[in-house]
Amino acid sequence: MSGRRSEVVDLSVVVPAYNEEERLGPTLEAVTAYLGDNEGRWGEWEVIVADDGSTDGTREVPALQHPRVRLVTSARNRGKGSALRLGVAASRGRRVLVTDADLAAPIEELERLDKALSEGHSAAIGSRSVPGASIDNHQHRVRELLGRAGNLLIRTTAVPGIRDTQCGFKLFEGDRAREAFAASRLDGWGIDVEVLQYFRRSDWPVAEVPVRWSHQPGSKVGPLDYARVLADLARLRARALRPADLLATTLFLLMATALYSGRFFDPAHRYLPDSLQDQNQWEWFFAVTADNVAHLRNPFFTDLQGFPDGVNLMANTVMLGLSVPFAPVTLFAGPAAALSLCMTLGLAATATAWYWLIVKRVVRQRAAAFLGASLAAFAPPMVSHANAHPNFVILFMIPLIIDRVLRLCAGTRVVRDGTVLGLMTAYQVFLGEEPFLLAAIGLALFVAAYAAVRRDVAREAWRPLLKGLLLGGAVCLPLVAYPLYWQFAGPQSYKSVLHGDTAGNSPLSLLAFAERSLVAGDAQRADALSLNPTEQNAFYGWPLIVLVFAIVVRLWERTLVKVLAFTALAAAVLSLGPKIRIPLTDDILPGPWALVADKPLFESVIEGRVAMICAPALGMLLAIAVDRLAATRAVGTMYFGFMAVLLALLPLVPAPLKSQERAPVPAFITDGMWKSYVREGESLVPVPLPDPGAAEALHWQTASGLGFRLPGGYFNGPYGKDRIGIYGAAPRYTSNMLRDVAYTGVVPVIGKNWQAQARKDFAYWKAAILVVAPQPHDDALRQALEKLTGRAGRWTGGVWVWDLHEGG
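A. Molecular detail of the overall build of the chain. When you go through the chain residue by residue, the secondary structure sums to 32 helices and 21 strands. Expressed along its principal axes, the backbone C-alpha trace of the chain runs to roughly 115 × 65 × 45 Å. Sequence-distant contacts, at least 24 apart, represent 76% of the contacts inside the chain between residues at least 6 apart. As displayed, the chain offers around 35700 Å² of accessible surface, 60% of which is attributable to carbon and sulfur atoms. Side chains of the chain give 80 positive and 74 negative charges; the mean places of these two sets differ by 2 Å.

B. View of the sheet that holds strand β3 (residues 69–73). Strand order in the open sheet formed by seven strands is β3-β2-β1-β4-β7-β5-β8, and the pairing between neighbours is mixed. Each edge of the open sheet carries a strand with a single partner, namely β3 and β8 (206–210). Averaged over all pairs of adjacent strands, the angle between their axes in this sheet comes to 20°, without regard to strand direction. The pairing of strand β1 (residues 9–17) with strand β2 (residues 45–51) spans seven bridges and is parallel. When the bridges of β2 are listed, Leu11 appears paired with Trp45. Across the face of the sheet, helix α4 (residues 80–89) comes into contact with β1, β2, β3 and β4 (93–99) while running at roughly 160° to β1. On the sheet, helix α7 (residues 174–183) packs against β4 and β7 (169–173) and is oriented at approximately 55° with respect to β4.

C. Geometry of the nonpolar core. Formed by 143 residues in total, the largest nonpolar core has its most connected members in Phe252, Leu544, Leu618, Phe668 and Leu684. Here this core takes 13 residues from helix α15 (residues 335–361), the largest share from any one element. The next biggest cluster of nonpolar side chains, apart from the first, holds 35 residues, and it includes Leu28, Tyr34, Val49 and Ala104.

D. Examining the pairing of strand β18 (residues 724–727) more closely. One ladder, built from four bridges, connects strand β17 (residues 716–719) with β18; its direction is antiparallel. What sits directly across from Pro718, in β18, is Gly725. The hairpin formed by β17 and β18 contains four residues between the paired strands, and Gly720 there has a positive phi angle of roughly 75°.

E. Spotlight on the state of the cysteines. Under the criterion given, the structure shown has zero disulfides. There is no disulfide at Cys409, and the cysteine sulfur nearest it, in Cys476, is 18 Å away.

F. Inspection of the sheet that holds strand β21 (residues 799–803) at higher detail. Across the sheet, which stays open at both edges, the four strands sit in the order β16-β19-β21-β20 with mixed pairing between neighbours. Looking at strand neighbours, the two that pair on one side only are β16 (683–686) and β20 (794–796), the edges of this open sheet. When the angles between neighbouring strand axes are averaged without regard to direction, this sheet yields 35°. Here β20 pairs with β21 via three bridges, running antiparallel. Each residue of the ladder has a partner; that of Arg794, found in β21, is Val801.

G. Focus on the packing of α15 against helix α19 (residues 397–410). At a minimum axis separation of 8 Å, α15 and α19 run at an interaxial angle of 25°. Classed by the angle they form, the pair α15 and α19 counts as roughly parallel. Residues Ala353, Trp354, Trp356, Leu357, Lys360 and Arg361 of α15 lie in contact with α19, whose contacting residues are Ile398, Pro399, Leu400, Ile402, Asp403, Leu406 and Arg407. Its residues assigned to classes, the contact of α15 with α19 comprises nine nonpolar, no polar and four charged.

H. Region of the structure containing the environment of Ile606. Topologically, Ile606 is positioned in the loop between β14 (588–590) and α26 (614–631). The buried category is assigned to Ile606, whose relative accessible area is 7%. Among all residues touching Ile606, those that are not within four sequence positions of it are Glu434, His499, Ala503, Leu531 and Glu535.

I. The side chain of Ser374, seen in detail. Following the sequence through the fold, Ser374 ends up in helix α16 (residues 366–378). Among the polar contacts listed, one links the side chain of Ser374 to the backbone oxygen of Phe370, at a separation of 2.8 Å. Discounting residues that sit within four places of it in the chain, Ser374 has contacts with Phe252, Met255 and Ala379.

J. Region of interest: the packing of helix α24 (residues 542–554) against helix α27 (residues 635–649). With their axes 7 Å apart at the nearest point, α24 and α27 run at an angle of 145° to one another. The way α24 lies across α27 gives a crossing that is left-handed. Every residue of α27 that contacts α24 at Pro543, Leu544 and Leu547 is listed here: Ala644, Val645, Leu647, Ala648 and Leu649. Looking at the contact of α24 with α27 residue by residue, the class counts come to eight nonpolar, no polar and no charged.

K. Spatial organisation of a nonpolar patch on the surface. Taken together, the side chains of Leu518, Val519, Tyr639, Phe640, Met643, Leu646, Leu647, Leu650 and Val653 present a nonpolar region at the surface, about 890 Å² in accessible area. Looking at where Leu646 falls in the secondary structure, it is placed in helix α27.

L. Inspection of the environment of Thr534 at higher detail. Within the secondary structure, Thr534 sits in the loop between α23 (523–528) and α24. For Thr534, a relative accessible area of 3% translates into the label buried. The sequence separation of Thr534 and Phe378 amounts to 156 residues, and the corresponding C-alpha distance is 14 Å.

M. Structural detail: the side chain of Glu682. Its location among the elements puts Glu682 in the loop between α28 (667–670) and β16. The buried charged residue Glu682 lacks any salt bridge, with Arg679 as its nearest oppositely charged partner at 4.4 Å. Looking at Glu682, its side chain comes within polar contact range of the main-chain nitrogen of Arg679, at 2.9 Å. Leave out the neighbours within four places in its chain, and Glu682 touches Phe307, Tyr677, Arg709, Lys766, Ala768 and His805.

N. Here's a closer look at unusual backbone geometry. Cis geometry marks the peptide bond from Phe307 to Pro308, where omega comes out at 5°. If you trace the backbone, Pro308 turns up in the loop between β11 (301–302) and β12 (311–312). The linkage connecting Val687 with the following residue, Pro688, adopts the cis geometry, with an omega of 0°. When you line up the elements, Pro688 lands in the loop between β16 and α29 (696–703). At Leu276, a position not held by glycine, the phi torsion is positive, near 55°. Within the fold, Leu276 resides in the loop between β10 (270–271) and α12 (278–294). Residue classification places Leu276 among the partly exposed positions, given a relative accessible area of 38%.

O. Looking closely at the pattern of salt bridges. Following the criterion strictly, the structure yields 38 salt bridges and no others. For Asp102, the salt bridge identified is with Arg23, shortest N-O distance 3.9 Å. In this pair, Asp102 is assigned in the loop between β4 and α5 (110–118) and Arg23 in the loop between β1 and α2 (24–37), connecting sequence segments 79 residues apart. In this structure, Asp102 and Arg23 share a single accessibility class: buried. Across the pair Arg59 and Asp51 runs a salt bridge, and its minimum N-O distance is 2.8 Å.

P. Examining the packing of aromatic side chains more closely. Per the counting criterion, the structure on display carries 21 aromatic pairs. Their ring planes at 45° and their centres at 5.5 Å tell us that Phe172 and Phe199 sit as a pair that is tilted. Here Phe172, found in strand β7, pairs with Phe199, found in helix α8 (residues 191–201); they are 27 residues apart in sequence, far enough to count as distant. Both residues of the pair, Phe172 and Phe199, count as buried. Each member of the aromatic cluster is reached from another via a ring pair, and the members are Phe172, Phe181, Tyr198, Phe199 and Trp204. The ring of Trp42 is capped by Arg41, whose NZ or CZ atom sits 4.1 Å from the centre of that ring. Here the basic side chain of Arg68 rests over the ring of Trp45, its NZ or CZ set 4.7 Å away from the ring centre.

Parameters at a glance
- Residues numbered from 1 in each chain as written.
- Predicted model: local features only at pLDDT ≥ 70, side-chain atom pairs only at ≥ 80, totals over all residues.
- Heavy atoms only, no water.
- Helix = DSSP H or I, 4+ residues; strand = E, 2+ residues; numbered from the N terminus.
- Contact = heavy atoms within 4.5 Å.
- Areas by Shrake-Rupley, 256 points an atom, 1.4 Å probe, with all protein chains shown as cover.
- Lys, Arg positive; Asp, Glu negative; His and termini not counted.
- Charge placed at Lys NZ, Arg CZ, Asp CG, Glu CD.
- Pairing = 2+ DSSP bridges.
- Axes fitted to C-alpha atoms, helices over the stretch in contact; angles between N-to-C directions.
- Core = buried A, V, L, I, M, F, W, Y, C linked by side-chain atoms within 4.5 Å.
- Buried < 20%, exposed > 50% of the residue type's maximum accessible area, 1.4 Å probe, protein only.
- Disulfide = S-S within 2.5 Å.
- Parallel < 35°, antiparallel > 145°, perpendicular 65-115°, else oblique.
- Nonpolar A, V, L, I, M, F, W, Y, C, P; charged D, E, K, R; others polar.
- Polar contact = N/O pair within 3.5 Å; in protein donor to acceptor, adjacent residues only side chain to side chain.
- Left-handed = near helix turned anticlockwise from the far one by under 90°.
- Patch = residues over 30% accessible without salt bridge, like charges linked within 9 Å, V, L, I, M, F, W, Y side chains within 5 Å.
- Salt bridge = Lys/Arg side-chain N within 4 Å of Asp/Glu carboxyl O.
- Phe/Tyr/Trp six-rings, centres within 6.5 Å; stacked < 30°, edge-to-face > 60°.
- Lys NZ or Arg CZ within 6 Å of the ring centre and 35° of its normal.

Interpretation in functional terms is not warranted from these geometric data alone.
Put into structure tokens, the structure is as follows:
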């Protein structure tokens, strides 16, 4: 017997069986008759029945007595996967056919699979879902739907591109089949996916071949087996993760937590002072979104701020793609906790996504990819925006979109990839449009440079890329058309937000160190070279720039290095703005950004942010260099190379973001005292009115559960007949005057004209009460309000209150 098993045959047919007493006999008779009648076609063959611990008469089926049929058995029932592993291990064929005991795909379909292997594939799997397939007898409609849903999930999570993994009719190269099945671990129905995954990882080509198929009664697939397949898929996904990948993800999460450590563990009572008023604004965005979701209100508009005109939320950075999913967290734990958790997890997810892209497209060396992704996600401009600009640090969709665009260039599955790209793009619109525009600029620079360097690749790629982009646009547009219409033409929409000619970076900011650098930070220097602490958009430091220059010179022969270098350099130059001031001189040169500065969409961009494109480009160049260093055998080169990398990155390691004790909300708000003053349709007016420079009243409002409306506020809205975008509500005479008093402490001469104007403005705001909290110059504010209203305020709940209902 052992000598017979060692002989090689041309074809092995493996049939797994469990309690198949009724169906196994006809199947074996059909298989042996077909192979026996076609000896010249199939050569030497054998049939192996792998019994999985049957409890009926499966092992006594008469057809098992055929001289070319062998039975291998398991002591107990373990599952289809175990039976197949047993049967394939016992096979001797140069090719191995695996077929289910019901022979739903007739044995004659073997010819189609054999043809695919003869054309160079390592496996050919029968499919009911590709053109040319036919189904003579369908399953029950519910089972068909469950099968399709399962195949979609399998394609998405395990074996992209294969439409039908569960047909039960597969032909393999023998040695590769025995290797793949021996490496498998699943005992259930998921083994088909596991084996195909093994072939894919090994770069063994798999063909999906249309077959004729007919459902046979007596199926052993029960309702619980669908759940078991899902469990198998989860195990496959978990097993596919390398320990290095899990370690990288864990480190990214720890790095993000450390960055936010100053408020992560007590978000409700800690404030990031470098966020200026942005933390108040973003917490309000999360709170109002959750409130709209809970009460099924329009998520694109609210009048809780900017009352009575309201706020076009779609025209603001509300990030509905995250603030909506986080609504339960916001409602349960509050907006401060929701924003803190969202930004921490989002930053870690972004780093993980860049890591995934670098491993997949740039280098396979995990440590090199980790360093590159760390720079991409935790570069100084990212840390600056991490204070309170989640739309600029939660960018996990950008690497996925980049990868999908690169897949389109390959032209293998244009329809599928274009459709997925459209869905991804639509979701990114709800995460942040300006970061998406910056990513598009960076990708356009990359593609243009690559096309210039590799024209042969460009000639092959441009057609599928264009087709995929058009298809992606066709998928995306219907999903975002109405929200974009509301954004650009809905209530409180605006045309653009102008930032002047000073929003570009200084050339020196590209070489300087950021304020939050752990070892080299210089707050005074960084402040002089940036708009504010949240807009330190460059600050890569001269050591990193020198290192990258050396990398580019040393590895110039590599196409990817040339293209990444161009992308980073072009983005850095664009970030200097429409006018570039030469350092240490009064000379000003026109910058290339001037070509697009007045164009729609671009006119609202703070051009200094274009330098953020450099972060992933520099990260990938760094990963390439580290990967090359790790492969060198020259000890000296390795030592000095890694030392240079360390010295370049050390000044970029960020210190935790600054945090401080949050100003307490007055008891007048927290204890609900305001409720006895403010009626339905009226507003509570903090003095001075909230604006981008002082938006603490937004925190009052979220602390009250959004119980009252506020005039003024911190958002983007229209101003004037031209509807130019400004920060905050359109100013009124009284709000301007009270703001001046709050800043200067000087009360102007207030006569009847000011009093009449104040009455108009109070009526416009539908003001119920005026509230002055303790603050610098609060005495001057009280004097101004006493003169405007003709009476003194009342001290209650830690604030001064003027009830405008009194005296009519």
